[in-house]
Amino acid sequence: MLPSQGSALDLACGLGGSALFLAERGLKTLAWDLSAVAVEALRGRARGLPLEAEVRDVTVRPPEAGRFNVICVGHFLDRELCPAIAAALKPGGLLFYQTFSRDRVDDSDPGNPLYRLGTNELLELFPQLIARFYRDEGSVGDRSQGFRNRAQLVAQLPG
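Residues numbered from 1 in each chain as written. Predicted model: local features only at pLDDT ≥ 70, side-chain atom pairs only at ≥ 80, totals over all residues. Heavy atoms only, no water.

Asks: Can you walk me through the overall build of the protein in this structure?
Replies: Looking only at helices and strands, the protein has four helices and seven strands in total. Ordered by position in the sequence, the α and β elements of the protein form the string β-α-β-α-β-β-α-β-α-β-β. Among the 159 residues that make up the protein, the fraction classed as buried is 41%. Restricting the contact set of the protein to residue pairs at least 6 apart, pairs at least 24 apart contribute 53%. For the protein, the accessible surface area stands at approximately 8100 Å², while carbon and sulfur atoms represent 52% of it. (Helix = DSSP H or I, 4+ residues; strand = E, 2+ residues; numbered from the N terminus. Buried < 20%, exposed > 50% of the residue type's maximum accessible area, 1.4 Å probe, protein only. Contact = heavy atoms within 4.5 Å. Areas by Shrake-Rupley, 256 points an atom, 1.4 Å probe, with all protein chains shown as cover.)

Here's what the structure looks like:
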C-alpha cells in the first residue's frame, strides 16, 4: 500500500525500524522521538538514506496539517493527539498505526489501561479516515497463536 514516492513520518519512532523501512523504499522520511538516545542511534543507522531523525515531543509540537503521504505510529498512544495525526496526512495519505490493546492474553505489555486500546477504539479514534485494514484478535480462538495484545490499523484520508 505504500506510495513509491512522497513524505513519511515515523511518530514516536523509538529506534526507527519503520523510519528505516520507509526511507529504504525512497520516501523522504522524518523520525521523531522524545528519547535523544534513540534518535542518536537511528541517525547512525540512517546514513545515506533520505531520513532525518529529530528529538521532538509530539504532544507539545504535533505534526503540521497536510504534510505527509504516510504516517507510522507504533506502540505509542496519546488519544488527544489523534486528530492532529489524521490532519497531518495529505489527501490520499495513509496512516499505519499499531499499539497495545486491553484485551490481551498475557502481561507482556503496559499494565496501565490508559496506554492500551479498548475494543475497536483504534477505529473510533480516526473516524475521518477510511479503514483499509484492521486487526485485533483479542483473546478469540487459540490464544497461543496469532497476533495478540495489539491492534493494527491502516487507514486513508479521502482525496
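Asks: What is the right way to look at the sheet that holds strand E3 (residues 51–55) in this model?
Replies: What holds strands together in a sheet is hydrogen bonding between their backbones, with the strands either parallel or antiparallel. On the basis of which strands lie adjacent, the open sheet formed by seven strands has the order E3-E2-E1-E4-E5-E7-E6 and mixed pairing. Every interior strand has two partners, whereas the edge strands, E3 and strand E6 (130–135), have only one. When the angles between neighbouring strand axes are averaged without regard to direction, this sheet yields 15°. With four bridges joining them, strand E1 (residues 7–11) and strand E4 (residues 68–74) adopt parallel strand pairing. When the sheet's bridge partners are listed, Leu11 is paired in E4 with Val73. Sheet contacts for helix H1 (residues 17–24): E1, strand E2 (28–33), E3 and E4; angle to E2, the most-contacted strand, approximately 170°. (Pairing = 2+ DSSP bridges. Axes fitted to C-alpha atoms, helices over the stretch in contact; angles between N-to-C directions.)

Asks: How should I be thinking about the nonpolar core in this particular structure?
Replies: Nonpolar side chains in soluble globular proteins generally cluster together in the buried interior. If you look at the biggest cluster of nonpolar residues, it comprises 27 residues, and the most contacted ones within it are Leu11, Ile71, Ile85, Leu95, Tyr97, Phe126 and Leu129. Elements with a contribution of two residues or more to this core: E1, E2, E4, helix H3 (82–87), strand E5 (89–100) and strand E7 (150–156). When sequence neighbours within four positions are dropped, the list of residues in contact with Ile85 reads Leu11, Ile71, Val73, Leu95, Tyr97 and Phe126. Counting residues in each nonpolar core, the second largest holds ten residues, with Ala31, Leu42, Ala46 and Leu51 among its members. (Core = buried A, V, L, I, M, F, W, Y, C linked by side-chain atoms within 4.5 Å.)

Asks: Help me understand the environment of Leu11, please; the structure alone is not making it clear to me.
Replies: Relative to the assigned elements, Leu11 resides in strand E1. Distance in space between the C-alpha atoms of Leu11 and Phe76 is 8.5 Å, their sequence separation being 65 residues. When neighbours within four sequence positions are excluded, Leu11 is seen to be in contact with Trp32, Val58, Pro63, Cys72, Val73, Gly74, Phe76, Leu81 and Ile85.

Asks: Even after reading the chapter, I still don't get the environment of Leu114, so can you show me in this structure?
Replies: Tracing the backbone through its elements, the reader meets Leu114 in the loop between E5 and helix H4 (121–124). Each C-alpha atom, one on Leu114 and one on Arg79, is 9.3 Å from the other, the two residues being 35 residues apart in sequence. Sequence-distant contacts of Leu114, defined by excluding residues within four places in its chain, comprise Leu77 and Arg79.

Asks: Is there a simple way to explain the pattern of salt bridges in this structure?
Replies: Following the criterion strictly, the structure yields six salt bridges and no others. A salt bridge links Glu121 to Arg79, with the shortest nitrogen-to-oxygen separation between them at 2.5 Å. Highlighted residues: Glu121 in helix H4 and Arg79 in the loop between E4 and H3, separated in sequence by 42 residues. Judged by relative accessible area, which is 24%, Arg79 ranks as partly exposed. Sharing partners across several salt bridges, the network here consists of Arg56, Glu64 and Arg67. (Salt bridge = Lys/Arg side-chain N within 4 Å of Asp/Glu carboxyl O.)

Asks: Help me understand the side chain of Ser7 in this model?
Replies: Of note, Ser7 is situated in strand E1. Judged by its relative accessible area of 15%, Ser7 is buried. Side-chain polar atoms of Ser7 contact the backbone oxygen of Arg67, separated by 2.9 Å. In this view, Ser7 contacts Lys28, Arg67, Phe68, Asn69, Val70 and Lys90; residues no more than four positions away in its chain are not counted. (Polar contact = N/O pair within 3.5 Å; in protein donor to acceptor, adjacent residues only side chain to side chain.)

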